[in-house]
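Now for the letters of each chain:
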Amino acid sequence: MDQEDAALVAAFKRGEESAFTALVIKYRETVYRIARRMVANHEDGADVTQEVFIRVHRALPRFDGRSQLRTWLYRITVNLCLDFQERRNRHSWVELEEVVQEAPAETGPVARVEAQAVRQAVAQAVESLPARQRAMVTLRLYQDLPYGEIAKICGCSEGTVKATMFAALRKLRGLLAEEWSEERR
Amino acid sequence: MTCREAREALLETVTGRTAPDLRRAVAAHLEVCPACRAEAARLEETVALLRATPDPAPPEGFWPGFMARLEERISREPVSVWARLRRRMSAPVLGPAAATVIVVLVFVVSTLLRPGAPPASTTQSQVAPFLTDSMRTLMPSLEETVQLWQSGLGTVDAEPLFETQPAVP
């Protein structure tokens, strides 16, 4: 385990609540980013992030340090996002308007419109992926985690992660190509 | 490198984590294989488009409120006495010693307060048999603490905890 994480976990187990606060501050933004890419909007992302740290607070006294704290934390995050989706399956997965609004402003109006169109197309394509595929794409492309760690987080083999990623990227490529060809028509 | 091996390695290459020798092997294969080169270009374009979307960020000023809500929720979490005790006991040096002292003190006090318990003479003579050398080493002020504790209880309850009872005539 990362030395800093190990020290914080040990301090928390000794009863130092401030160690938990330090862990939250260290990981809250990454947890939020993973959650936000997997659930519908900021409010849901914030709810999931909060729930992740509540679960961590409950379970940390029993955390044995056999895996990286980060891996354990992201596993809780992904599982909560998958549960969240199960419960809210009537809801749109990601609110596209929000994704587009989150983008930084491009310089010229033409460039801005083009960039927004690209982001919208990408968001729509990613939205169409099954939840587990989306989790793997998020962890690999946006968190840059190695395939082995993604396998531990998702509870499957490294080979399964690679095969799933390959399928996801092919599907995304097909969807994006379709989108461009429709636009050009 | 075969086309199949190259395509498996492409995923690693395109998404960013490849050992230099594998990267060189893939590049060498792509130079001589137009089909794999086209596949690599498509994958690279897709990954570039996906990575172009900015990282989601919460609204300005979100985190202080988040921390306050989290703290508030955690404070409402039911924590069992056992869990509290377990966390206190997990301190590497003082934990076991403190646990032993607590158990001994509880035993001493419960023995002395039991109705019909034989009268005792003084605090030190009653507590002393239960204090081992290792306890004294780990907690040098233990006997003093016990005396202080007794005097505190004495002032509240008016009757000293370890006072000897008058002999029955």
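Only a predicted model underlies this, so the values are computations on that prediction, with no experimental measurement involved.

## Here we look at the overall build of chain B
Line of reasoning, step 1. Counting its regular elements, chain B contains nine helices and zero strands.
Line of reasoning, step 2. Its helices and strands taken in sequence order, chain B reads α-α-α-α-α-α-α-α-α from the N to the C terminus.
Line of reasoning, step 3. By the burial criterion, 30% of the 169 residues in chain B qualify as buried.
Line of reasoning, step 4. For chain B, restricting intrachain contacts to residue pairs at least 6 apart in sequence, the fraction spanning at least 24 positions comes to 50%.

## Some words on the nonpolar core
Line of reasoning, step 1. Of all hydrophobic cores here, the largest spans 79 residues; its most connected members are A:F20, A:F53, A:L60, A:M165 and A:L169.
Line of reasoning, step 2. If we skip the residues at most four places from it in the chain, A:L60 touches A:V9, A:F12, A:K13, A:F20, A:L23, A:L69 and A:W72.

## A short note on the confidence of the model for chain B
Line of reasoning, step 1. For chain B, mean pLDDT is 74; residues scoring 70 or higher make up 51% of the total.
Line of reasoning, step 2. Here residues 154-158 of chain B scores under 50 on pLDDT; set against residues more than four positions off or in separate chains, the count is three contacts.

## What to know about the interface of chain B and chain A
Line of reasoning, step 1. Taken together, the contact pairs 36 residues of chain B with 49 residues of chain A.
Line of reasoning, step 2. Together chain B and chain A conceal approximately 4,200 Å² of surface at their shared face, both sides included; 63% is due to carbon and sulfur atoms.
Line of reasoning, step 3. Applying the counting criterion to the chain B and chain A interface returns eight salt bridges.
Line of reasoning, step 4. Between B:E39 and A:R173 there is a salt bridge whose closest N-O contact spans 3.3 Å.
Line of reasoning, step 5. There are 13 residue pairs in polar contact (both at pLDDT 80 or more) connecting chain B and chain A.
Line of reasoning, step 6. Of all elements in the fold, only helix 1 (3-15), helix 3 (34-51), helix 4 (62-76) and helix 5 (81-89) of chain B reach the threshold of two or more residues within the side of chain B that touches chain A.
Line of reasoning, step 7. Along the lines of polarity and charge, the residues of the side of chain B that touches chain A split into 18 nonpolar, five polar and 13 charged.

## Digging into the environment of B:C3
Line of reasoning, step 1. Here B:C3 shows up in helix 1.
Line of reasoning, step 2. Leaving out residues up to four positions away in the same chain, B:C3 has contacts with B:H29, B:C33 and B:C36.

## What about the packing of aromatic side chains?
Two numbers describe a pair of aromatic rings. These are the distance of the centres and the angle of the planes.
Line of reasoning, step 1. Scanning the entire structure with this criterion turns up eight aromatic pairs over all chains.
Line of reasoning, step 2. Between A:Y32 and B:F62, the ring centres sit 6.0 Å apart and the planes meet at 45°, which makes this aromatic pair tilted. One end of the pair, A:Y32, is in helix 2 (residues 17-38); the other, B:F62, is in helix 4, on a second chain. In this structure, A:Y32 and B:F62 share a single accessibility class: buried.
Line of reasoning, step 3. Note on B:F62 and B:F66: the rings are 5.6 Å apart at their centroids and 45° apart in plane angle, and the pair reads as tilted. Placement of the pair is B:F62 and B:F66 together in helix 4, with a separation of four residues, close to one helical turn.
Line of reasoning, step 4. B:F62 sits in the buried class, given a relative accessible area of 10%.
Line of reasoning, step 5. Exposure remark for B:F66: the relative accessible area of 0% places this residue in the buried category.
Line of reasoning, step 6. Three or more aromatic residues link up through ring pairs in this structure, and these residues are A:Y32, A:F53, B:F62, B:W63 and B:F66.

## Examining the packing of helix 2 of chain A against helix 4 of chain B
Line of reasoning, step 1. Between helix 2 of chain A and helix 4 of chain B, the shortest axis-to-axis distance is 12 Å and the interhelical angle comes to 130°. One way to sum up the angle between helix 2 of chain A and helix 4 of chain B is to call them oblique. Crossing geometry of helix 2 of chain A relative to helix 4 of chain B is assigned as right-handed. Contact residues: helix 2 of chain A offers A:E17, A:F20, A:T21, A:V24, A:I25, A:R28, A:E29 and A:Y32, while helix 4 of chain B offers B:W63, B:F66, B:M67, B:L70 and B:I74.
Line of reasoning, step 2. Here the residues of the contact of helix 2 of chain A with helix 4 of chain B are counted per class, giving nine nonpolar, one polar and three charged.

## Quick notes on the side chain of A:T71
Line of reasoning, step 1. Relative to the elements of secondary structure, A:T71 occurs in helix 4 (residues 69-87).
Line of reasoning, step 2. The residues touching A:T71, leaving out its near neighbours within four places in the chain, are A:E149, A:K152 and A:I153.

Scoring rules and cut-offs
For every chain, the first residue of the written sequence is number 1, and numbering continues from 1 onward in sequence order. In the order they appear in the text, chains get letters beginning with A and ligands get numbers beginning with 1. With the structure being a predicted model, the display of local features is reserved for residues of pLDDT at least 70 and the display and counting of side-chain atom pairs for 80 or more, all residues being used for whole-chain, interface and lining totals. Side-chain numbers come from the whole structure's heavy atoms, not from hydrogens or water. Starting at the N terminus, helices and strands are each numbered in turn, a helix being any DSSP run of H or I of at least four residues and a strand any DSSP run of E of at least two. Three exposure classes are used, based on accessible area relative to the maximum for each residue type with a 1.4 Å probe and protein chains only: buried under 20%, partly exposed in between, and exposed over 50%. Contacts are residue-level and defined by heavy atoms, with any inter-residue pair within 4.5 Å sufficient. Take the buried residues of types Ala, Val, Leu, Ile, Met, Phe, Trp, Tyr and Cys, join any two whose side-chain atoms come within 4.5 Å, and each joined set is a nonpolar core. pLDDT runs from 0 to 100 and stands for how confident the predictor is about each residue. Accessible area that two parts lose when put together, with a 1.4 Å probe and added across both, is what the buried area reports. Salt bridges are defined as contacts in which a side-chain nitrogen from Lys or Arg sits within 4 Å of a carboxyl oxygen from Asp or Glu. Here a polar contact means two N or O atoms within 3.5 Å. Within protein one must be a hydrogen donor candidate and the other an acceptor candidate, and residues neighboring in sequence count only if both atoms are side-chain atoms. Note that Gly is not counted as nonpolar here; it falls among the polar residues with everything else outside the nonpolar set of Ala, Val, Leu, Ile, Met, Phe, Trp, Tyr, Cys and Pro and the charged set of Asp, Glu, Lys and Arg. Only Phe, Tyr and Trp rings are paired, with Trp represented by its six-membered ring, and only when their centres lie within 6.5 Å; those with planes under 30 degrees apart are stacked, over 60 edge-to-face, the remainder tilted. Think of each axis as a best-fit line through the C-alpha atoms, taken over the contacting stretch in the case of a helix, with angles from 0 to 180 degrees between the N-to-C directions. In these notes the angle categories are as follows: under 35 degrees is roughly parallel, over 145 is roughly antiparallel, 65 to 115 is roughly perpendicular, and the rest is oblique. In a left-handed crossing the near helix is turned counterclockwise from the far helix by less than a right angle, and in a right-handed crossing that turn is clockwise.

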